[in-house]
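Summary of structural features
Spelled out from the first residue to the last, the chains are:
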Amino acid sequence: MHNQRSLIRAFTASLSDTALEWYDFAIYSSSAALVFGTLFFPSHDPLSGTLLAFSTYAVGYLSRPLGGFVFGRLGDVIGRKKVLVTTLLITGASTFVIGLLPTHEDIGVTAAVLLVLLRFAQGVGLGGEWGGAVLLSSEFGDPARRGFWASAAQVGPPLGTLLANGVIALLGVALSAEDFLAWGWRVAFLLSAVLVIFGLWIRAKLEETPVFQAIAEHGERPTAPVTEVFTTQRHQLAAAVLCRVCPDVLYALFAVFVLTYATQELGVPRGWALAAVLIGSAVQVFLIPLAGALSDRWGRRRMLAVGTLAAMAWPLVFFPLAEARSLPLLVLGVLGGLVIHSALFGPQAAFIAEQFTPRLRYTGSSLAYTLAGVIGGAVAPLLFTYLLAEFHNWPALAAYLAVTGVISLIGLALGRNPDPAEQLLTPPAAPSASPADAS
């Protein structure tokens, strides 16, 4: 019973912590698409202002590797729990302060500089958070069900997006456009303080994971885990990085860039795009754990490969639907994209963690997550915005996503199959074919 309580507590902590981190990121993403171009990067060209706002969005991705290096290393050396408290505070405090920032009208270009610095801090916190959140739930659970337990951290992005866009939608209904632009957007950032307090309360009740305790008791804690990953786990790191690229870009398209595309290119109301993202994110909260559980039965590489092919094909359906400028069809298009993303995202955490030996798992997972973010999610909104401005049509956007799909398929080909019988304190055994993963 004690172990079951610890497992449920770890699952809740992993889910709530990543939800907070992604609430912070999603609030920024929505604000970058809707108001930051005007408030911090004023320009006579709305598209240029949005492009500059999305450039600060990218900073949050570019700073993640620093968090991955620093906190990934510490997570393998001093433990998962201590590191996760620090990353929670860094991201939460940065988001809260953004809500207090003066704008360009108040202090000129200094406002944009401060925004970029706080965005950088957000990325550092999230870069160190994800790997630990994955291990927090998966290392308490049965390795044979790692796909399900590790998916707790993956529910964070859609749940955080749901909360963030829900808050913005409520503010949009309650306030006039002028009031939202003047002060309403700040409320969404200041609310992060409530989520931080809740996260700290959950985390205070948590024990260190059994896997790390066993590693510490056997004297197996690494002294230079980053060096070890780059010298002994290069193949695994490459597989874990590449498999993430397409899902990151897919998510950027259907949860971030779609807000700009719908309002500026299609000319539909802002509320339509927000509603589509909200509905898709709500569905993802349930589909992601289901996809993680199914990967335990069907095999992670098979699910990820099928999902990647679907991601490459879906833009051919989505953009014609969106061009009809119908709310139901826009919702259907976004929902389809986020359903496909769920099939990719649910098994992904376990797949990445399983590439690395347990004593290097926090470092390896964090590095893979953050480095993939730099070449995937960081530049995706910028590239989507640039391609749309350059070609004025959607096939260029679809082609970009297709290229990232090929990259992720290469990563899956390089990856190893999960081995539920893997011993905790030894490097992963050579991959063995299983019926679920056989091709």
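Residues numbered from 1 in each chain as written. Predicted model: local features only at pLDDT ≥ 70, side-chain atom pairs only at ≥ 80, totals over all residues. Heavy atoms only, no water.

Quick look at the overall build of the protein
When helices and strands are tallied, the protein shows 19 helices and zero strands. The C-alpha atoms of the protein give a radius of gyration of 21 Å, which matches the 22 Å a tight globule of 439 residues would have. Taken over the C-alpha atoms alone, the protein extends approximately 60 × 45 × 40 Å along its principal axes. Burial status across the protein gives 58% buried among its 439 residues. Here the analysis covers contacts within the protein between residues at least 6 apart in sequence; of these, 85% occur between residues at least 24 apart. In the structure as shown, the protein presents an accessible area of about 16000 Å², 70% of it carried by carbon and sulfur atoms. Of the charged side chains in the protein, 25 are positive and 26 negative, and the gap between their average positions amounts to 7 Å. (Helix = DSSP H or I, 4+ residues; strand = E, 2+ residues; numbered from the N terminus. Rg over C-alpha atoms; globule rule 2.2 N^0.38 Å. Buried < 20%, exposed > 50% of the residue type's maximum accessible area, 1.4 Å probe, protein only. Contact = heavy atoms within 4.5 Å. Areas by Shrake-Rupley, 256 points an atom, 1.4 Å probe, with all protein chains shown as cover. Lys, Arg positive; Asp, Glu negative; His and termini not counted. Charge placed at Lys NZ, Arg CZ, Asp CG, Glu CD.)

Overview of the nonpolar core
Across soluble globular proteins, you tend to see nonpolar side chains buried next to one another. Judged by nonpolar contacts, the single largest core of 110 residues is most densely connected at Phe-36, Phe-40, Trp-185 and Phe-318. Of the residues forming this core, the biggest block, 17 residues, is contributed by helix 12 (residues 234-265). Residues in contact with Trp-185, not counting those within four places in the same chain, are Val-35, Phe-36, Leu-39, Phe-40, Ile-98, Thr-103 and Phe-180. (Core = buried A, V, L, I, M, F, W, Y, C linked by side-chain atoms within 4.5 Å.)

Considerations on the side chain of Ser-151
Mapping Ser-151 onto the fold places it in helix 7 (residues 146-174). You can call Ser-151 buried: its relative accessible area is 0%. Looking at Ser-151, its side chain comes within polar contact range of the main-chain oxygen of Phe-148, at 2.5 Å. Apart from residues lying up to four places away in sequence, Ser-151 is in contact with Ile-288, Pro-289, Gly-292 and Gly-346. (Polar contact = N/O pair within 3.5 Å; in protein donor to acceptor, adjacent residues only side chain to side chain.)

Notes on the pattern of salt bridges
Close approach of charged atoms lets side chains of opposite charge pair. In the structure shown here, the tally under the stated rule is five salt bridges. Residue Asp-296 is joined to Arg-300 by a salt bridge in which the shortest nitrogen-to-oxygen separation is 2.9 Å. Here Glu-354 makes a salt bridge to Arg-300, at a shortest N to O gap of 2.7 Å. With Glu-354 in the loop between helix 16 (327-353) and helix 17 (361-375) and Arg-300 in helix 14 (residues 300-313), the pair connects residues that are 54 residues apart, well separated along the chain. Salt bridges here are not isolated pairs; linked through shared partners, they connect Arg-146, Asp-296, Arg-300 and Glu-354. (Salt bridge = Lys/Arg side-chain N within 4 Å of Asp/Glu carboxyl O.)

Focus: the packing of aromatic side chains
Enumeration according to the criterion identifies 15 aromatic pairs in this entry. With centroids separated by 5.5 Å and ring planes inclined at 10°, the aromatic side chains of Phe-319 and Trp-394 adopt a geometry described as stacked. Note that Phe-319 is positioned in helix 15 (residues 315-323) and Trp-394 in the loop between helix 18 (380-391) and helix 19 (395-414), a separation of 75 residues in sequence. Considered together, Phe-319 and Trp-394 belong to a single accessibility category, that of buried residues. Put simply, the rings of Phe-254, Phe-257, Tyr-261, Phe-318, Phe-319, Phe-384, Trp-394 and Tyr-400 touch in pairs and so form one group of aromatic residues. (Phe/Tyr/Trp six-rings, centres within 6.5 Å; stacked < 30°, edge-to-face > 60°.)

Brief notes about helix 13 (residues 270-298)
Look at helix 13: 40 Å from first C-alpha to last across 29 residues, which is about the 42 Å you get at 1.5 Å a residue. If you look at helix 13, its biggest bend is around 35°, right at Val-285, and the proline Pro-289 turns up within four residues after that. One or two steps after helix 13, the chain reaches Gly-299, where phi turns positive at roughly 105°. (Expected span 1.5 Å × (residues − 1). Bend = angle between axes of the 7 residues up to and from the residue.)

A short note on the packing of helix 3 (residues 64-77) against helix 4 (residues 80-98)
As a packed pair, helix 3 and helix 4 sit with axes 7 Å apart at the nearest point and diverge in direction by 155°. Here helix 4 runs roughly antiparallel to helix 3, going by the angle between their axes. Of the residues in helix 4, those in contact with Phe-71, Leu-74, Gly-75 and Asp-76 of helix 3 are Arg-80, Val-83, Thr-86, Thr-87 and Ile-90. In terms of residue class, the contact of helix 3 with helix 4 is built from four nonpolar, three polar and two charged. (Axes fitted to C-alpha atoms, helices over the stretch in contact; angles between N-to-C directions. Parallel < 35°, antiparallel > 145°, perpendicular 65-115°, else oblique. Nonpolar A, V, L, I, M, F, W, Y, C, P; charged D, E, K, R; others polar.)

Re helix 17
With 15 residues, helix 17 extends 21 Å between its outermost C-alpha atoms, agreeing within 8% with the 21 Å of an ideal straight helix rising 1.5 Å per residue. Summarising burial for helix 17: 12 of the 15 residues are buried, a large majority. Listed as buried for helix 17 are Arg-361, Tyr-362, Thr-363, Gly-364, Ser-365, Ser-366, Leu-367, Ala-368, Tyr-369, Thr-370, Ala-372 and Gly-373.

With respect to the side chain of Ser-192
Relative to the helices and strands, Ser-192 is located in helix 9 (residues 192-204). Contact partners of Ser-192, with chain neighbours within four places excluded, come to Leu-20, Tyr-23, Asp-24, Gly-92, Thr-95 and Phe-96.

Examining unusual backbone geometry
Positive phi outside glycine occurs at Arg-325, with the angle close to 55°. Structurally, Arg-325 is set in the loop between helix 15 and helix 16. Its identity is not glycine, yet His-392 carries a phi of approximately 55°, on the positive side. Mapped onto the elements of the fold, His-392 is located in the loop between helix 18 and helix 19.

Structural notes on the confidence of the model for the protein
Averaged over the protein, the pLDDT score is 82; the fraction of residues at 70 or greater is 90%. Considering only residues more than four positions removed or in separate chains, one finds that residues 423-439, a stretch of pLDDT under 50, has 33 contacts. (pLDDT = per-residue confidence, 0-100.)

Concerning the environment of Ala-275
Relative to the helices and strands, Ala-275 resides in helix 13. Through-space distance from the C-alpha of Ala-275 to that of Asn-165 is 8.4 Å; in sequence the pair is 110 residues apart.

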